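# Coordinate inspection notes
Here is what each chain is made of, one letter per residue.
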Amino acid sequence: MANTLTSISQSMLQDEVLPALKLGLSPLNAMSFAPQDKPLSKGDSVIVPVVSAKTAGTYSSTFESGNSTVTGTSVTIGAPTFSSWFVNPHTEGIPTAERFLAQGREAAYAVAKTVVEAVLGNFVEANIGTGAGDESVIAAANYDVDDQADMLKLLLDKGVSSGISAIHTTAYATALRKDSALQDASAYGNNGVISTGELPSIFGMRQYYTDAFPTAVTSENTEVIFTSRETAAIAVGAYNNLDQGLEASAGVRNMIVTDPDTGLSMTWRTWVNSATGEYWGSVYVAYGTSFIQDAAVRIVTA
């Protein structure tokens, strides 16, 4: 059976599906995140640039004293992470482009969530520690911007001074939205929390939230992670097209779609199961991640 979903173009995928992937992956911007604009294969080694802190000195004879603080951390790309769906035209109706794009958005977010879960798995006790300088016990009902100031100090005491972000579970993000210091427009110059629900930068720290905290982290009662870019490295991109010879014989259609702003790429795949008549679609990426060093602290419930 022929694949009739040929009306879906790269520009349609850029507009309709890729934003869902970018949204789901947004917490990764808290770390050394390297979106890839070239296809990746399992086993590839990708060097992720990591910018570390600089030092200063007194001039003596030249300004060419020092070294580059951009180092490379290698991550190994694994098998593709995917989310697929199908439409049976005999029982569910015509598999229109609009229908496939809507399902593609959900699939793209599911893929992003799986990637974020794997990356946040770096933030376990074995890597971050459990001492007084590594975590604080704060209940959601008591969590506010004052706690953010205290967590910032813990990071400063670890020698982390820039590029700091906070990644929340949805419950703790909700608790922070209720803080009068954020809801009161006069406290910080705008009413963004009330009008949009988005958390503003607090004490210079970017704020993220996600429903993708993995079990390895939630089992340790972690609810908020404060981190710099130096804690973990991540590379994400489209997976190599391995079905180039199948378009005519099996109706497989692959497209690699790239975000022009960030370089982030994904693979879009459609095909038809000739035995069942089902029209299938899939969104997938390949990624690799690596823990670099302890440049993070956590809020736990107990």
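Quick look at the structure, then. (Residues numbered from 1 in each chain as written. Predicted model: local features only at pLDDT ≥ 70, side-chain atom pairs only at ≥ 80, totals over all residues. Heavy atoms only, no water.)

This part covers the pairing of strand β12 (residues 279-291). For a regular strand, side chains alternate in direction, first toward one face of the sheet and then toward the other. Looking at chain direction, strand β4 (residues 81-87) and β12 are connected through seven bridges and run antiparallel. Bridge assignment links Val-87 to a residue of β12, and that residue is Tyr-279. Note: strand β11 (residues 265-272) against β12, six bridges, orientation antiparallel. The partner of Thr-267 across the bridge, within β12, is Tyr-284. Remark: six residues form the turn of the hairpin made by β11 and β12, two consecutive strands paired antiparallel; Gly-277 in that turn has positive phi of roughly 80°. (Pairing = 2+ DSSP bridges. Helix = DSSP H or I, 4+ residues; strand = E, 2+ residues; numbered from the N terminus.)

Let us look at the side chain of Thr-227. Along the chain, Thr-227 falls in strand β8 (residues 222-227). Taking the relative accessible area as the measure of exposure, Thr-227 reaches 0% and is therefore buried. Of the polar contacts made by the side chain of Thr-227, one reaches the side chain of Thr-231; its length is 2.8 Å. Every residue in contact with Thr-227, bar those within four places of it in the chain, is listed here: Ala-30, Met-31, Phe-123, Leu-155, Gly-163, Ile-164, Ser-165, Ile-167, Ala-295 and Ala-296. (Buried < 20%, exposed > 50% of the residue type's maximum accessible area, 1.4 Å probe, protein only. Polar contact = N/O pair within 3.5 Å; in protein donor to acceptor, adjacent residues only side chain to side chain. Contact = heavy atoms within 4.5 Å.)

Before going further, it helps to examine the pattern of salt bridges. Taken as a whole and assessed by the stated rule, the structure comprises ten salt bridges. As a salt-bridge pair, Asp-211 and Lys-113 come within 3.7 Å of each other at their nearest N and O atoms. Placement of the pair is Asp-211 in the loop between β7 (206-209) and α10 (215-218) and Lys-113 in helix α3 (residues 97-120), with a sequence separation of 98 residues. By relative accessible area, which is 27% here, Lys-113 ends up partly exposed. Note that Arg-298 and Glu-125 form a salt bridge whose closest N and O atoms lie 3.9 Å from each other. Of this pair, Arg-298 sits in strand β13 (residues 296-300) while Glu-125 sits in helix α4 (residues 125-128), and the two are 173 residues apart along the sequence. By relative accessible area, which is 32% here, Glu-125 ends up partly exposed. Counted as one network, the salt bridges with shared partners bring together Glu-125, Glu-135, Glu-220 and Arg-298. (Salt bridge = Lys/Arg side-chain N within 4 Å of Asp/Glu carboxyl O.)

The strands making up a sheet associate through backbone hydrogen bonding, with each pair oriented either parallel or antiparallel. Sheet architecture is open: five strands sit in the order β5-β13-β8-β6-β7, paired in mixed fashion. Only two strands of the sheet have a single neighbouring strand rather than two, namely β5 (135-137) and β7. Between one strand axis and the next, the sheet turns through 15° on average, direction left out of account. Alignment of β8 against β13, held across five bridges, turns out to be antiparallel. Note on β13: the bridge partner recorded for Ile-225 is Arg-298. Along the sheet, helix α5 (residues 145-157) makes contact with β5, β6 (165-168), β7, β8 and β13, crossing β13 at roughly 145°. Contacting β6, β7, β8 and β13, helix α6 (residues 170-177) crosses the sheet at an angle of about 115° to β6. (Axes fitted to C-alpha atoms, helices over the stretch in contact; angles between N-to-C directions.)

Moving on: helix α2 (residues 18-25). Along an α-helix, a turn takes 3.6 residues, which lines up residues three or four apart on a common side. Burial in α2 covers these residues: Leu-18, Ala-20, Leu-21, Gly-24 and Leu-25. All buried residues of α2 project into a common sector of 160° when viewed along the axis, lining one side. (Arc of directions from axis to C-beta.)

For the rest of this paragraph, the subject is the packing of α2 against α3. Contact pair α2 / α3: the axes reach a minimum separation of 8 Å and the direction vectors enclose 25°. Relative to α3, α2 is oriented roughly parallel. The interaxial crossing formed by α2 with α3 has right-handed handedness. Touching Ala-20, Leu-21, Gly-24 and Leu-25 of α2 are Arg-105, Ala-108, Tyr-109, Val-111, Ala-112, Val-115 and Val-116, all from α3. Residues belonging to the contact of α2 with α3 are distributed by class as follows: nine nonpolar, one polar and one charged. (Parallel < 35°, antiparallel > 145°, perpendicular 65-115°, else oblique. Left-handed = near helix turned anticlockwise from the far one by under 90°. Nonpolar A, V, L, I, M, F, W, Y, C, P; charged D, E, K, R; others polar.)

Considering the arrangement of structural elements, one finds Asp-134 in the loop between α4 and β5. At 2.9 Å, the side chain of Asp-134 and the backbone nitrogen of Gly-131 are in polar contact. In terms of polar contacts, Asp-134 uses its side chain to reach the side chain of Lys-158, at 2.9 Å. Those residues within four positions of Asp-134 in sequence are excluded, and the remaining contacts are Ile-128, Gly-129, Lys-158, Asp-294, Val-297 and Arg-298.

One non-glycine residue, Phe-203, lies in positive phi territory at about 55°. Relative to the helices and strands, Phe-203 resides in the loop between α9 (192-196) and β7. Assessed through its relative accessible area of 47%, Phe-203 is described here as partly exposed.

Here we take up the packing of aromatic side chains. Aromatic rings considered in pairs are described by the distance between their centres and by the relative angle of their planes. All told, the structure shown has five aromatic pairs when counted by the stated rule. Look at Trp-85 and Trp-268: their rings are 5.5 Å apart centre to centre, the planes differ by 55°, and that puts the pair in the tilted class. Taken together, the residues span a long stretch of sequence, with Trp-85 in strand β4 and Trp-268 in strand β11 at a distance of 183 residues. We classify Trp-85 as buried; its relative accessible area is 8%. Note on Trp-268: relative accessible area 1%, which makes it buried. Ring centres of Trp-271 and Trp-280 lie 5.8 Å apart, and the angle between their planes is 10°; this geometry places the pair in the stacked category. For Trp-271, a relative accessible area of 18% translates into the label buried. Judged by relative accessible area, Trp-280 falls into the partly exposed class, the value being 22%. The structure contains a cluster of three or more aromatic residues connected by ring pairs, namely Trp-85, Phe-100 and Trp-268. A cation sits over an aromatic face here: Arg-177 above Tyr-209, 4.6 Å from the ring centre. (Phe/Tyr/Trp six-rings, centres within 6.5 Å; stacked < 30°, edge-to-face > 60°. Lys NZ or Arg CZ within 6 Å of the ring centre and 35° of its normal.)

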